[in-house]
Amino acid sequence: TPLKQIRTQRRLTIYDVAAGVQCSPGTISRVESGNHGVSPNLAERLVRFFDGGLTEEQVLYPDRFVIKKTAKYLSASVLQHGGGFDAVIQLLQA
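Residues numbered from 1 in each chain as written. Predicted model: local features only at pLDDT ≥ 70, side-chain atom pairs only at ≥ 80, totals over all residues. Heavy atoms only, no water.

## Observations concerning the overall build of the protein
Each helix and strand counted, the protein has seven helices and zero strands in total. Reading the protein from its N terminus to its C terminus gives the helix and strand order α-α-α-α-α-α-α. By the burial criterion, 27% of the 94 residues in the protein qualify as buried. (Helix = DSSP H or I, 4+ residues; strand = E, 2+ residues; numbered from the N terminus. Buried < 20%, exposed > 50% of the residue type's maximum accessible area, 1.4 Å probe, protein only.)

## Quick notes on the pattern of salt bridges
Counted by the stated rule, this structure contains two salt bridges. Across the pair Glu 32 and Arg 7 runs a salt bridge, and its minimum N-O distance is 2.5 Å. Here the residue Glu 32 occupies a position in helix α3 (residues 25–33), and Arg 7 occupies one in helix α1 (residues 2–9), the gap between them amounting to 25 residues. By relative accessible area, which is 7% here, Glu 32 ends up buried. With relative accessibility at 9%, the residue Arg 7 sits in the buried group. Between Glu 44 and Arg 48 there is a salt bridge, with the nearest N and O atoms lying 3.0 Å from each other. Taken as a pair, Glu 44 and Arg 48 lie in helix α4 (residues 40–49) at a separation of four residues, close to a single helical turn. Arg 48 sits in the exposed class, given a relative accessible area of 56%. (Salt bridge = Lys/Arg side-chain N within 4 Å of Asp/Glu carboxyl O.)

## Describing α1
Where α1 is concerned, the buried positions are Pro 2, Leu 3, Ile 6 and Arg 7. On an axial view of α1, the arc spanned by its buried residues comes to 130 degrees, and they lie on one face. Within two residues after α1, Arg 11 carries a phi angle of roughly 55 degrees, on the positive side. (Arc of directions from axis to C-beta.)

Read these as spatial facts, not as claims about activity.
Written out as structure tokens, the structure is:
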């Protein structure tokens, strides 16, 4: 998720983030894994904690951003394999 990406990029632990936004480490873990919804209040605190490196939309709707990242990866992979339908089939069979 975008939350986990920025946390690991900044070399922060789940405990660091939890302390910074005043919630339990378990909550941060569940939010990162997509097993827990996020209140608007917590989303706002996370955005403030990461000082603009994360948006409320990324926190509240992480699936939208994971799908975009996967699509970019697949597009790049298809292009590396020559593009076109045959490249897609080749990737799917790998």
